[in-house]
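# Fold and geometry: a report
Listed below, chain by chain, are the residues.
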Amino acid sequence: MEYKIRCVGLLTSGGDAPGMNAAIRAVTRTAIFNGIRVKAIYRGYKGLITGEVKEFRTQDVSNIIQHGGTILKTARCMEFKTPEGRKIAYDTMVREEIDALVVIGGDGTFTGARIFAQEYNIPIVGLPGTIDNDLWGTDSTIGYDTALNTIVEAVDKIRDTATSHERLFFVEVMGRDAGFLALNSAIAAGAEAAIIPERETHEDQLEALIKNGFRKSKNSSIVLVAESETTGGAQGLANRMREEHPEYDVRVTILGHIQRGGSPTAYDRILASRMGVAAIDALLDEQRNIMIGIQNDEIVHVPFTKAIKDDKQINPEKVSVLQILSI
Ligand code: ADP
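Since this is a predicted model, take the numbers as computed values, not measurements. Along each chain, the written sequence defines residue order, and numbers are assigned to residues from 1. Local features are withheld for residues below a pLDDT of 70 in this predicted model, meaning they are given only at 70 or higher, and side-chain atom pairs are given and counted only at 80 or more; totals for whole chains, interfaces and linings count all residues. Neither water nor hydrogens contribute to the side-chain values; these are computed over all heavy atoms in the structure.

## Section: the packing of aromatic side chains
Only rings of Phe, Tyr and Trp enter the pairing, Trp through its six-membered ring, and a pair is recorded when the two centres are within 6.5 Å. The plane angle decides the type: under 30 degrees is stacked, over 60 is edge-to-face, the rest tilted. Tallying each qualifying case throughout the model produces 5 aromatic pairs. Both rings, one in Tyr90 and one in Tyr120, keep their centres 4.3 Å apart while their planes meet at 10 degrees; by these two values the pair is stacked. With Tyr90 in helix 3 (residues 83-96) and Tyr120 in helix 4 (residues 107-120), the pair connects residues that are 30 residues apart, well separated along the chain. For every residue, the accessible area (1.4 Å probe, protein chains only) is compared with the maximum for its type, and the residue is labelled buried under 20%, exposed over 50%, or partly exposed between those bounds. On the basis of relative accessibility, which here comes to 26%, the residue Tyr90 falls in the partly exposed class. Taken together, a centroid distance of 5.7 Å and an interplanar angle of 65 degrees make the contact between Phe116 and Tyr120 edge-to-face. Here Phe116 and its partner Tyr120 are both found in helix 4, 4 residues apart, which amounts to about one turn of the helix. The helix and strand labels rest on DSSP assignments: H or I over at least four residues marks a helix, E over at least two residues marks a strand, and numbering proceeds from the N terminus.

## Some details on the domain arrangement of the chain
Accessible area lost upon the coming together of the parts is a frequently used measure of interface size. Domain extents, as shown, originate in an automatic or database domain assignment. Each domain of the chain was delimited in the assignment, giving domain 1 (7-143 + 264-309) and domain 2 (146-260). Distance from the C-alpha centre of domain 1 to the C-alpha centre of domain 2: 34 Å. Here domain 1 meets domain 2 over a buried area of about 1,000 Å², counting both sides, of which 47% is carbon and sulfur. For salt bridges, the criterion is a side-chain nitrogen of Lys or Arg within 4 Å of an Asp or Glu carboxyl oxygen. Where domain 1 packs against domain 2, one counts 0 salt bridges. N or O atoms within 3.5 Å of each other form a polar contact, as long as, within protein, one can give a hydrogen and the other can take it, and as long as residues adjacent in sequence are counted only when both atoms are side-chain atoms. Viewed at the interface, domain 2 and domain 1 are joined by 5 residue pairs in polar contact (both at pLDDT 80 or more). For the side of domain 1 that touches domain 2, the class distribution of residues is 3 nonpolar, 4 polar and 5 charged. Defined here as a combined quantity, buried area equals the accessible surface (1.4 Å probe) lost by two parts on assembly, summed across both. Three categories are distinguished: nonpolar for Ala, Val, Leu, Ile, Met, Phe, Trp, Tyr, Cys and Pro, charged for Asp, Glu, Lys and Arg, and polar for the others, with Gly belonging to the last.

## Let's talk about the environment of Lys73
Along the chain, Lys73 turns up in the loop between strand 3 (53-56) and helix 3. When its relative accessible area of 42% is taken as the criterion, Lys73 is described as partly exposed. When the C-alpha positions of Lys73 and Arg242 are compared, they lie 42 Å apart, and in sequence the two are 169 residues distant. Not counting the four nearest positions on each side in its chain, Lys73 is found in contact with Thr12, Tyr42, Arg43 and Gly44. Working rule for contacts: check all heavy atoms of both residues, and any pair within 4.5 Å makes them a contact.

## Re the pairing of strand 6 (residues 168-173)
Two faces make up the sheet, and in a regular strand the side chains alternate between them. In terms of residue burial, strand 6 counts as a mostly covered element, since 6 of its 6 residues are buried. Residues of strand 6 alternate between two faces, with Leu168, Phe170 and Glu172 on one and Phe169, Val171 and Val173 on the opposite face, all of them buried. Any two strands with at least two DSSP-identified bridges between them are counted as paired. Examined bridge by bridge, strand 6 and strand 8 (residues 221-226) share 6 bridges and lie parallel to one another. Paired with Glu172 across the strands is Val225, a residue of strand 8. The sheet contact formed by strand 6 and strand 9 (residues 250-254) spans 5 bridges and is parallel. Each bridged residue has a counterpart across the sheet, and for Val171 the counterpart in strand 9 is Thr253.

In structure tokens form, the structure reads like this:
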């Protein structure tokens with residue numbers, strides 16, 4: 001065997017997502033179960049640079065599975081993008097006797113992990129922790145299901161006022177140029193449409209909406225909009241609508257950070273638990289530079305390069321479901 005892992009470092013990085021704590025619990029307990037020590041690193045890659053590291057025992061992860069956010073905190077760390085910063089991070093690993101890393105985050109986190117792993121020959125396994133679900137190679141990411149449910153609950157409430165006032169609402173959801181949250185919450189909340197970045201190059205979605213007579217027989221309309229620089233998000237589309245169709249009573253709601261918080265759903269807790277176990281199993285199996293994913297309810301290993309670079313496609317069948325059901 002090339003190496004034996006005696007101590008694994010664990011961090012959460014990038015945007016927080018509900019279910020990260022369940023993943024922290026699962027990684028910690030699985031490592032200890034297998035006789036591996038666990039060092040928790042605080043504030044993402046920043047903690048590796050500042051040396052904010054603490055050894056975890058099983059009780060350090062008690063009573064956290066039901067909480068949103070991350071007990072390890074998370075931060076964006078510019079210094080880790082420099083070779084000098086990564087050298088300091090590596091020195092911390094050597095000092096703390098950490099011989100492998102489990103990183104929980106999104107594509108930025110994995111981009112950093114890939115570079116770091118190559119520079120210093122460190123085994124790193126990633127867990128997809130992001131509400132956006134924008135990573136290739138996994139059907140779902142930790143936090144996505146919770147965010148989806150939060151959005152649906154909020155849109156149900158907006159529907160009440162939209163109906164009473166006969167208004168057109170543009171509701172903006174997160175997604176960083178990915179339309180998964182917008183499209184699926186639109187279906188689940190019975191919205192009239194979703195405007196998503198993936199379709200932006202194919203058609204003018206706002207024009208198509210109007211052409212299809214989306215308000216003909218309705219006394220309220222809700223359009224889910226994925227945040228996007230191209231469309232200008234909900235505000236950009238509302239401004240356009242007011243100019244082109246002053247007859248509509250247009251309102252904008254930007255859901256913002258409520259989408260990130262809250263207790264994770266059962267689905268996210270189970271996903272995070274399975275992925276956490278799989279991360280340690282993968283390291284024991286001498287896997288490295290991979291993200292743990294889920295496909296058709298089976299755990300899979302996805303190389304970082306693929307998870308980051310490949311574009312996850314929107315399912316056209318879902319676009320069609322939304323269109324048919326909003327007549
Ligand atoms: P996410 O993981 O949610 O996509 P970010 O894009 O903010 O979040 O990335 C999280 C962190 O990963 C950054 O703050 C930085 O420390 C690290 N990172 C991102 N891109 C790189 C890169 N090109 N090189 C090194 N580290 C990176």
